[in-house]
2 protein chains.
Amino acid sequence: MSSSDAAAPFGACPVPLTEVREILMGHGSGGKLTARLVEQLLLPAFRNPMLEPLDDQAWVDAGGARLAFTTDSYVVTPLFFPGGDIGEPAVNGTVNDLAMGGARPLFLSLALILEEGLALSELERVIASIRRAAEAAGVQVVTGDTKVVDRGKGDKVFVNTAGIGVALPGAELSSRRVAAGDAILLSGAVGDHGVTILSQREGLAFGGEVRSDTAPLHGLVAALLEAFPGVHAMRDPTRGGLASALCEIAGRRRLGVEVDERAVPVHDGVRGACELLGLDPFVVANEGKLVAFVPEAGAERALAALRSHPLGREAARIGRVVAEHPGFVTLRTPIGGQRILDLPYGESLPRIC
Amino acid sequence: MSSSDAAAPFGACPVPLTEVREILMGHGSGGKLTARLVEQLLLPAFRNPMLEPLDDQAWVDAGGARLAFTTDSYVVTPLFFPGGDIGEPAVNGTVNDLAMGGARPLFLSLALILEEGLALSELERVIASIRRAAEAAGVQVVTGDTKVVDRGKGDKVFVNTAGIGVALPGAELSSRRVAAGDAILLSGAVGDHGVTILSQREGLAFGGEVRSDTAPLHGLVAALLEAFPGVHAMRDPTRGGLASALCEIAGRRRLGVEVDERAVPVHDGVRGACELLGLDPFVVANEGKLVAFVPEAGAERALAALRSHPLGREAARIGRVVAEHPGFVTLRTPIGGQRILDLPYGESLPRIC
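Residues numbered from 1 in each chain as written. Chains lettered and ligands numbered in written order. Predicted model: local features only at pLDDT ≥ 70, side-chain atom pairs only at ≥ 80, totals over all residues. Heavy atoms only, no water.

Re the overall build of chain A
Okay, so step 1: A count of helical and extended segments in chain A gives nine helices and 14 strands.
Okay, so step 2: Taking 20 Å as the expected radius of gyration for a compact globule of 353 residues, we find that chain A reaches 19 Å, a close match to that expectation.
Okay, so step 3: Projected onto its principal axes, the C-alpha positions of chain A cover 55 × 55 × 45 Å.
Okay, so step 4: Counting only residues that meet the buried cut, chain A has 65% of its 353 residues in that class.
Okay, so step 5: By sequence separation, contacts in chain A at least 24 residues apart represent 83% of the contacts at least 6 residues apart.
Okay, so step 6: Surface exposure of chain A reaches about 12,000 Å², of which carbon and sulfur atoms provide 52%. (Helix = DSSP H or I, 4+ residues; strand = E, 2+ residues; numbered from the N terminus. Rg over C-alpha atoms; globule rule 2.2 N^0.38 Å. Buried < 20%, exposed > 50% of the residue type's maximum accessible area, 1.4 Å probe, protein only. Contact = heavy atoms within 4.5 Å. Areas by Shrake-Rupley, 256 points an atom, 1.4 Å probe, with all protein chains shown as cover.)

Remarks on unusual backbone geometry
Residue and element names in this part refer to chain A.
Okay, so step 1: Each neighbour pair has its own omega, and for T77 with P78 the value is 0°, a cis peptide bond.
Okay, so step 2: Its place among the elements puts P78 in the loop between β2 (65–74) and β3 (80–81).
Okay, so step 3: Look at L54: it is not a glycine, yet its phi comes out positive at around 50°.
Okay, so step 4: Following the sequence through the fold, L54 ends up in the loop between α2 (32–46) and β1 (58–62).

Digging into the sheet that holds strand β14 (residues 338–341) of chain A
Residues and elements named next belong to chain A.
Okay, so step 1: Ordered by their spatial adjacency, seven strands build an open sheet running β9-β11-β8-β12-β10-β13-β14, and the pairing between neighbours is mixed. Edge positions in the sheet fall to β9 (233–235) and β14, since each has one partner strand and no second. Strand-to-strand twist in this sheet, taken as the mean axis angle between neighbours without regard to direction, amounts to 25°.
Okay, so step 2: Where strand β8 (residues 183–186) meets strand β12 (residues 316–322), four bridges bridge the pair, whose relative direction is antiparallel. Counterpart to L186 in the pairing with β12 is A316. (Pairing = 2+ DSSP bridges. Axes fitted to C-alpha atoms, helices over the stretch in contact; angles between N-to-C directions.)

With respect to the domain arrangement of chain A
Residues and elements named next belong to chain A.
Okay, so step 1: Here chain A is described as being made up of domain 1 (3–167) and domain 2 (175–341).
Okay, so step 2: Taking only C-alpha atoms, the centre of domain 1 and the centre of domain 2 are 20 Å apart.
Okay, so step 3: Opposite the 35 residues of domain 1 that make contact, domain 2 presents 33 residues.
Okay, so step 4: Buried area between domain 1 and domain 2, summed over both chains or domains, comes out near 2,900 Å², and the portion from carbon and sulfur atoms is 54%.
Okay, so step 5: The interface formed by domain 1 and domain 2 holds two salt bridges in total.
Okay, so step 6: Taking the shortest distance from any N to any O, the salt bridge between R252 and E39 comes out at 2.5 Å.
Okay, so step 7: Seen at the junction of domain 1 and domain 2, the total is 12 residue pairs in polar contact (both at pLDDT 80 or more).
Okay, so step 8: Breaking the side of domain 1 that touches domain 2 down by element, the ones donating at least two residues are α1 (3–7), β3, α3 (87–99) and α4 (120–137).
Okay, so step 9: With eight residues, α3 is the largest single contributor of residues to the side of domain 1 that touches domain 2.
Okay, so step 10: Tallied by class, the residues present in the side of domain 1 that touches domain 2 amount to 17 nonpolar, 11 polar and seven charged. (Domains from an automatic or database assignment. Buried area = accessible area lost by both parts, 1.4 Å probe. Salt bridge = Lys/Arg side-chain N within 4 Å of Asp/Glu carboxyl O. Polar contact = N/O pair within 3.5 Å; in protein donor to acceptor, adjacent residues only side chain to side chain. Nonpolar A, V, L, I, M, F, W, Y, C, P; charged D, E, K, R; others polar.)

Below you can see the structure in the form of C-alpha cells.
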C-alpha cells in the first residue's frame, strides 16, 4: 500500500472530506467510513509489512513457522436468530478469515465482555453454540478471558475471537495477486445473514424461509485449492456485503471490476425483503460465502470444485477483473444497462455481525 | 486439572453454592465468581490439554513451532488515568501474559469496540498509547478489527488484544511445576494500578503520588530466566491482585502458601488510600508486577536478578510454598499472628483493567 492510498481510501471510490469529529455507527459498517478510520488512523499508527496488505488475515513468521493470524469482535443484536446465535459467527467468521488466506484454522482465543444482568441461561446457549461451531470447524479454543461491565455499559454479550492457522501446501493467496483478466467466482447466494438479522430485529417475517448462512468455509477452500491451487485471492463478503469486497479489491489494486447482476444468486426471500426495505442485497452481510479471484485458465475447474461441495452448490461466475475504469466496480443490469456499484458511505445495517 | 477441581474452584477455597442465575459484576472480578464461571461453564465446554492448565497463556504447536497464545479484553474506566490510559494495559497486559509463560512476545491483534459518539480525539489518544506501548514492548500489531455499538450499548472504548510469542530457550514454566519448598518472589510494590483507577474514578486525591504501574515485563522475565532458568512458574497479579494469584496456585496445586505480610512492599500512598477506603492492598490489581515461584536453590540468584532490573528494584522474597494446609494461603501479620488470605467472593473493584 502506497502512502497515497492512506489518503484516499479505496482509491477511486472517493470519500467526502467531511470533518467527522466523533465515532458514528458508520465507522463500523464496512463501508467508506470504516475504510477511512482504518487507513487514516489505524494503518498509519501500526504500519508494518504484515498489516499493510489489509487482507482478512496477517501472515507472520514465528518460531520457524508461517502462520495466519486474525481477530474479530462480534456485536450482533439480537443474540439469537434463525440459523444460529452470536456464537456461530464468532467461530465461523474467524475461521473464514483464516481460510480466505489459504490457511488451515487450528486454534482460537475466546474473550467475552458480558453485561451485568445477562441471564446465565443465555450465556450457556451462546457457549454451547461456540463449542459446537468449534467442533464442526475442527478448531480448539485454547485460551480465553471474561470481563463484566455495568448494566447499560454493554449489550448482553460481545464476543471476540482471534485465530491462528497454518498455510495449506501450495496456496499463495493475497489481494495483491489479483490481476486483470481474473474471473470472479461467488460460492452462493448473497444477503441471507443480514436480512435474517434485520427481520428478526424488526419483528418482520418474510415467508420464514430466510436463515443466516453462517458456516465455516475452510473445507470449501480446501476443495477449491485442491482442484486449482493457482487461485489469486479470496474474500468472505461479511460487513458491507459483496459490494464492499469488490470495491475494496478494485480500489486497493487500482483495477476495474465488471459484474453481471443476473449472474449473482439471491434467494427469493432475500430479494423480496430487500425490495420491501429498500436495501441492495449486494451490500448486505454474509457469513458463509466466499468470492474468489481466479486466473481465467483455472476458472472452470475452480467453479466445478465449488459446485461439487455442499457449501458451494449455488456457486456462480459473476464477473471479471479488467484494466479499465480502475477503482470502479460496474454492474451490468438485467435490462442491459450499466451502473456503478458503490459502497455506502456509512451504515445501512448496524450490528449485523 | 482433575474433574473434581471443576466442581470446587480453587480447591479448598470453597465457593458457596448459591444459585446465581444472572451475570454479576463479580463474575469479572478475578475472584471466586470468576473462577466458578471459568471452571463450571467455560472449561467443561472447551476442555483440551492446552486450555486446561488455565495459565495466563496457552502453549500450542503450529506448523512445527511451539507458540504461546493469549487474549484479554480491557474495559477499564475511566479511559485516562495517572500513568497512562487504557492503551498501555491493553498492550502490556497481553505482553505480560505471554512473558509469564517464558515466551518472547512477538505479535498482537487489536480489536476495538467503540461506542457511537466517542470523540475521535479520545480514540486518537488511545491509539497513540497503544502504538507507543507496542514499540516499547517490541511487539507488532499485525491484524485488527473495529466495531461500533449504539450509544448506551458500550462505554467509549473496549479493547481486545490477543498475542503470540515464542518460547525463550531453556524456559519451562507452568503452575503445574510449583512445589513445596519453592520460594515466592514479588517484583515490586502491590496495589498501584487499582488504587490509581479507583481514586481517579471517585475524584479522590491521595497526595498525588499514586500512579498506575503498567509496564511490559518481558525484559524483567528475560533477565530473571537468564540468571536462573529453573524458575517453576510466574503470574502477573492483575485482577484480584496478589491474593488471587496466590490462592489460585494454592487451590489448583493443592499446596499451602505462607506469606510474611511485612515482606510485601506497598507504597505509602497506596497503603493510606487502602486504609481510608477499607481495601486490602493484597486484592488490588497490578499491571506491572510479577510473582515468581522459584526452587530454594535458585531463590537468592533470582532475587538479585530481579533487583538489578529497573522494573524489579523493590523486589522481595515474600514467602514460600508448603505441603501443609493445602489450598490455603496464610499470612503472618506484623504483630506475629496468622490469618488466612482469602479471595473476595465477588467484586470489590469493578472494571479496573
